[in-house]
Amino acid sequence: MQVDILTLFPQMFAPLDTSIIKRARDAGVIKINLHNFRDHTTDKHRRTDDSPFGGGAGLVLTAQPIVDCIESIDPDHKAHRIFMSPAAPTLTQKRVCELAKHDRLILLCGHYEGVDQRAIDLCIDECISIGEYVLTGGELPAMVLVDAVARHVPGVIKAESLVTESHSTPNYHEHPHYTRPSNFRGKTVPQVLLDGNHKEIEKFRKG
Ligand code: SAH
């Protein structure tokens, strides 16, 4: 899978260079490209924002650099293009699994008050929120989406790890986990996990 992320703050994406996602990137299973759409602005001062028509607080990201950037990286509109937005439907595990089937995703990160609606109308296929709260930018939401989706791209983590996970079916929450030592500060591991009876273990884990 290839993910192209449009952001004014590419330096925020260091977490995608760590741990499981880094390994997947190094193995070529997932490719992540960061694009600073400031590089596409035609403004002589390299501005990418302006005050909102109609007045009001804050700054709005202008359509031109965003639209030009998206068109330059996906001229034939082959990618599924997503805008991270707190006003959109919230990401679910079901949607995560569906998104993992795309060969290519583009994620647009807003900032300040948001993005000129015409950039969204012209270029975006879907708007996604990561929860009912407002962050300063779409960078953390984009990383949340990439991380959750990457786990479902074949080769990123073991397929069997995904089967009985929390949210793999609606309202399902996985059983608690234990590892050595069997007694930690007087708290012991449930005996059934130590007895080696796999039928009983399965029954215990199903709750
Ligand atoms: N004025 C906007 C909020 C802007 S927050 C409003 O009231 O709806 C700035 C940017 O951060 C947004 O454009 C979006 O890209 C991102 N963002 C903030 N919270 C988010 C969330 N919960 N999910 C996804 N993106 C979010």
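Computed from a predicted structure; not experimentally measured.

Rules and cut-offs
- Residues numbered from 1 in each chain as written.
- Predicted model: local features only at pLDDT ≥ 70, side-chain atom pairs only at ≥ 80, totals over all residues.
- Heavy atoms only, no water.
- 1 Å grid on protein atoms, 1.4 Å probe; cavity = no way out; pocket = protein on both sides within 12 Å on 5 of 7 lines; lining within 4 Å.
- Points joined across faces, edges and corners; volume = space filled by probe spheres on them.
- Helix = DSSP H or I, 4+ residues; strand = E, 2+ residues; numbered from the N terminus.
- Pairing = 2+ DSSP bridges.
- Domains from an automatic or database assignment.
- Axes fitted to C-alpha atoms, helices over the stretch in contact; angles between N-to-C directions.
- Contact = heavy atoms within 4.5 Å.
- Patch = residues over 30% accessible without salt bridge, like charges linked within 9 Å, V, L, I, M, F, W, Y side chains within 5 Å.
- Areas by Shrake-Rupley, 256 points an atom, 1.4 Å probe, with all protein chains shown as cover.
- Salt bridge = Lys/Arg side-chain N within 4 Å of Asp/Glu carboxyl O.
- Buried < 20%, exposed > 50% of the residue type's maximum accessible area, 1.4 Å probe, protein only.
- Core = buried A, V, L, I, M, F, W, Y, C linked by side-chain atoms within 4.5 Å.
- Right-handed = clockwise from strand over helix to strand, strands pointing away.

A. Spatial organisation of the layout of surface pockets. Its volume calculated, the largest pocket comes out at about 350 Å³. Among the secondary structure elements, those contributing two or more residues to the lining of the largest pocket are β5 (80–84), β7 (114–115) and α4 (117–123).

B. Local environment of the sheet that holds strand β4 (residues 60–61). The strand order across the open sheet formed by three strands is β3-β4-β7, and the pairing between neighbours is mixed. Only two strands of the sheet have a single neighbouring strand rather than two, namely β3 (49–50) and β7. Pairing of β3 with β4 involves two bridges; the strand directions are antiparallel. Within β4, the residue paired with Asp50 across the bridge is Val60.

C. Region of interest: the domain arrangement of the chain. When cut into domains, the chain gives domain 1 (2–159) and domain 2 (175–207). A separation of 41 Å is found between the C-alpha centroids of domain 1 and domain 2.

D. Structural view of the sheet that holds β5. Pairing is parallel across the open sheet formed by five strands, whose spatial order is β2-β1-β6-β5-β8. In the strand order of this sheet, the two ends are held by β2 (31–36) and β8 (126–128), each with one partner. Between one strand axis and the next, the sheet turns by 25° as a mean value, whatever way the strands run. With five bridges connecting them, strand β1 (residues 2–7) and strand β6 (residues 104–109) associate as parallel partners. What sits directly across from Gln2, in β6, is Arg104. Most of the contacts of helix α2 (residues 63–73) go to β1, to which it runs at about 160°, and overall it touches β1, β2, β5 and β6. Packing of helix α5 (residues 139–150) onto the sheet brings it into contact with β1, β2, β5, β6 and β8, and relative to β6 it is tilted by some 160°.

E. Quick peek at a nonpolar patch on the surface. A grouping of Met12, Tyr133, Leu135 and Leu140 is seen on the molecular surface, where their side chains present a nonpolar patch of about 360 Å² in accessible area. For Leu135, a relative accessible area of 37% gives the class partly exposed.

F. Expanded view of the nonpolar core. Counting 29 residues, the largest nonpolar core has Val3, Ile5 and Leu145 as its most contacted members. Listed by contribution, the elements that provide at least two residues to this core are β1, α1 (19–26), β5, α3 (93–99), β6 and α5. The greatest single-element share of this core, amounting to seven residues, is contributed by α5. Once residues lying within four places of it in the same chain are set aside, the contact partners of Leu145 are Ile82, Met84, Leu91, Leu99, Leu105, Leu107 and Ile128.

G. Structural detail: the pairing of β1. For β1, a buried count of five out of six residues is recorded, marking the element as mostly surrounded by other parts of the structure. Pairing between β1 and β2: six bridges, direction parallel. Directly across from Asp4, in β2, lies its bridge partner Asn33. At this point the chain moves from β1, through α1, to the parallel β2, and the crossover so formed is right-handed.

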